[in-house]
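Results of the structural survey
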Amino acid sequence: MEDDISALARHGLFEARLPRYTSYPPATAFTDGVAAAFQAESLAALDPAEPVSVYVHVPFCERLCWFCACRTQGTRSLAPVEAYLDALEAELALVRRLLPEGVRMRHLHWGGGTPTILTPAMIDRLAGLVRAAIPPAGNWDFSVEIDPMMVDGERIAALSAAGMTRASIGIQDFAPEVQAAIGRIQPFEATRLAVEALRGAGIASVNADLVYGLPHQTQARIEATLDRLLSLAPDRLALYGYAHVPHFSRRQKLIDETALPGDIERLLLFRAAASRLTAAGFRQIGIDHFARPEDPLSRAAANGRLRRNFQGYTDDGCATLIGLGASAISRLPGGYVQNAAATAAYRDRIASGRLAGARGHRFRGEDRLRARAIEMMMCDFAIDTGALAACFGEEAALSLEPDHHRALARFAPYLTRSEGFIRLSPEGRPLARLVAAEYDAWRDLKARYSKAS
Ligand code: SF4
């Protein structure tokens, strides 16, 4: 069934290549001139009364799935992982020396790559190092990305002992045809056993990551995947659009481009999945997350506290995110800093006694105002012009008027203005990234982002 939005797709609107707006400015605007010195002065100036979030990147996988564009490297040996932990220990020591006394960690996330490539002893070591450098606040939470093919009872016990409260399970799609086409074989049974083990270890929240827009994916297959997943009773789901960027991720060249769904099919795949999930009682959160009504993410969305960061949607209200490890990005009060991306370059920087920041961006001009407007659109599908004026001043908020007019003209009738809000209608929600891009003064038209559909 084709409707208005599919008609927009036929006019090529979703051919646009856009940032995902997990940060503003997008990482493509980062420059080499902003790095370790800015990182050091920003960490030293943090307010101890404000808790921080911490992200640890583990850039190793035993298998390299063809569809994945994450910064990671394949290894069957633990030797490079041990060497990397040594570098993380040295980075944490540098951070600890800089942070003012009393800074506490509210959220910790381990992502990758495959954090569960770490052995139980490595998990104990890394968790202890992070906690010693940045002690947890009383009500902290700790989430970890779990590969069901690369986890066992001992690792889950170690993560549980380290304080893990939320597990994010990578799934993508259960259909064997799709798994073969993306180079990631993962039987349903492996996922089921991992979820059971996590629940058995007392992990309170289990999330699942799916992807739509994969080769050979059909509505029937994605619905069947969801039915199997729903039998495991997840608390949250992320349903990311597959980003085909073979110029950036060379292993995606193994993907058969002729088997990829087109823009209209992508939208219909998402819509079929969203219908299945909302019928099962989930709420849609932002453009690509779903959560049960009692989940903290749903509550944050309902009361205007939903935020967007490098991990997607979150109820994490911390203004500062300290990124640790190769390629990790820190969001600091004055801007962003990204650590050296290649593992060897990261280790070299840390070994020389410096922080690993290699590029970044200092906020200037209207950056914070535009960042908040874009975040509102991506989180709430509405820009609250009154809230922007209250936060940034009337004059600054008025500077967005040309952008409002351009967006309203371009996306009518889905985008309307009333009572101080620029609002996207429910039917217009697939346009959210396109609308957000109207407020992006840093968008690099030469950068090759993922498609907007
Ligand atoms: S999907 Fe996960 S396991 Fe596969 S390459 Fe990416 S990070 Fe590694």
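Once that is clear, we can look at the overall build of the chain. When helices and strands are tallied, the chain shows 16 helices and 21 strands. In terms of C-alpha radius of gyration, the chain reaches 21 Å, essentially the compact-globule figure of 22 Å for 453 residues. Each principal axis of the C-alpha atoms in the chain carries an extent, and together these give about 55 × 55 × 40 Å. Within the chain, buried positions represent 56% of all 453 residues. In the chain, the proportion of contacts linking residues at least 24 apart, taken out of those at least 6 apart, comes to 72%.

On to the site of the ligand, then. As a structural note, the neighbourhood of the ligand is formed by Cys-61, Arg-63, Leu-64, Cys-65, Phe-67, Cys-68, Gly-113, Thr-114, Asp-147 and Arg-184. By residue class, the composition of the shell around the ligand is five nonpolar, two polar and three charged.

Here the focus is helix α8 (residues 219-230). In this model, α8 (twelve residues) spans 16 Å end to end at C-alpha, consistent with the 16 Å of a helix rising 1.5 Å per residue. Turning to α8, its buried residues number three or more, namely Ile-222, Thr-225, Leu-226, Leu-229 and Leu-230. In a view along the axis of α8, the buried residues occupy a sector of 130°, so they form one face of it. In this structure, the buried side of α8 is in contact with β7 (166-172), β8 (205-212), β9 (236-241) and α9 (263-279).

This part takes up the packing of aromatic side chains. One pass over the full model with this rule turns up ten aromatic pairs. Centroid distance Trp-110 to Phe-142: 5.0 Å. Interplanar angle 65°. Geometry classified as edge-to-face. Of this pair, Trp-110 sits in strand β5 (residues 105-112) while Phe-142 sits in strand β6 (residues 136-146); the two residues are 32 residues apart in sequence, bridging distant segments of the chain. Given the relative accessible area of 0%, Trp-110 is considered buried.

The amide bond that connects Tyr-24 to the next residue, Pro-25, takes the cis arrangement and shows omega of -5°. Mapped onto the elements, Pro-25 comes out in the loop between β1 (17-18) and α2 (36-44). Between Gly-112 and Gly-113 the backbone carries a cis peptide bond, its omega angle lying at 15°. By the secondary structure assignment, Gly-113 is in the loop between β5 and α4 (120-133). With a phi angle near 75°, Gln-172 is a residue other than glycine that sits in the positive phi range. Not every positive phi belongs to a glycine, and Glu-419 is a case in point at roughly 50°. By secondary structure assignment, the location of Glu-419 is in the loop between β19 (415-418) and β20 (421-424).

What follows concerns the pairing of strand β14 (residues 321-324). What you see with β14 is no split at all: Leu-321 and Gly-323 on one side and Ile-322 and Leu-324 on the other are buried throughout. Pairing of strand β2 (residues 52-58) with β14 involves four bridges; the strand directions are parallel. Among the inter-strand pairings, Tyr-55 is bridged to a residue of β14, identified as Gly-323.

Right, let's talk about the side chain of Asn-339 for a bit. Tracing the backbone through its elements, the reader meets Asn-339 in strand β16 (residues 335-339). The buried category is assigned to Asn-339, whose relative accessible area is 2%. Apart from the residues within four sequence positions on either side, Asn-339 is in contact with Gln-39, Glu-91, Gly-323, Leu-324, Gly-325, Ser-327, Ala-328, Tyr-346, Ala-356, Gly-357 and Ala-358.

By the definition in use, this model includes 22 salt bridges. Within the structure, one salt-bridge network assembled from shared partners comprises Glu-366, Arg-370, Asp-403, Arg-406, Arg-410 and Glu-438.

Pairing is antiparallel across the open sheet formed by three strands, whose spatial order is β18-β20-β19. Of all the strands in the sheet, just β18 (382-384) and β19 have a single pairing partner and so form its edges. Along the sheet, successive strands turn relative to each other by an average axial angle of 20°, direction set aside. The sheet contact formed by β18 and β20 spans three bridges and is antiparallel. Among the inter-strand pairings, Asp-384 is bridged to a residue of β20, identified as Phe-421. On top of the sheet, helix α13 (residues 385-392) reaches β18, β19 and β20; it is set at about 40° to β18, its chief contact. Contacting β18, β19 and β20, helix α15 (residues 401-411) runs over the sheet at an angle of about 130° to β19.

In this section: the packing of α4 against helix α5 (residues 153-161). Closest axis-to-axis distance for the α4/α5 pair is 8 Å, and the angle between their directions is 15°. Accordingly, the angle class assigned to the pair α4 and α5 is roughly parallel. Judged by the twist between their axes, the crossing of α4 over α5 is right-handed. In contact with Pro-120, Ile-123 and Asp-124 of α4, α5 contributes Glu-154, Arg-155, Ala-158 and Leu-159. Across the contact of α4 with α5, the residue classes break down as four nonpolar, no polar and three charged.

Cut-off values and rules
- Residues numbered from 1 in each chain as written.
- Predicted model: local features only at pLDDT ≥ 70, side-chain atom pairs only at ≥ 80, totals over all residues.
- Heavy atoms only, no water.
- Helix = DSSP H or I, 4+ residues; strand = E, 2+ residues; numbered from the N terminus.
- Rg over C-alpha atoms; globule rule 2.2 N^0.38 Å.
- Buried < 20%, exposed > 50% of the residue type's maximum accessible area, 1.4 Å probe, protein only.
- Contact = heavy atoms within 4.5 Å.
- Near = heavy atom within 4 Å.
- Nonpolar A, V, L, I, M, F, W, Y, C, P; charged D, E, K, R; others polar.
- Expected span 1.5 Å × (residues − 1).
- Arc of directions from axis to C-beta.
- Phe/Tyr/Trp six-rings, centres within 6.5 Å; stacked < 30°, edge-to-face > 60°.
- Pairing = 2+ DSSP bridges.
- Salt bridge = Lys/Arg side-chain N within 4 Å of Asp/Glu carboxyl O.
- Axes fitted to C-alpha atoms, helices over the stretch in contact; angles between N-to-C directions.
- Parallel < 35°, antiparallel > 145°, perpendicular 65-115°, else oblique.
- Left-handed = near helix turned anticlockwise from the far one by under 90°.

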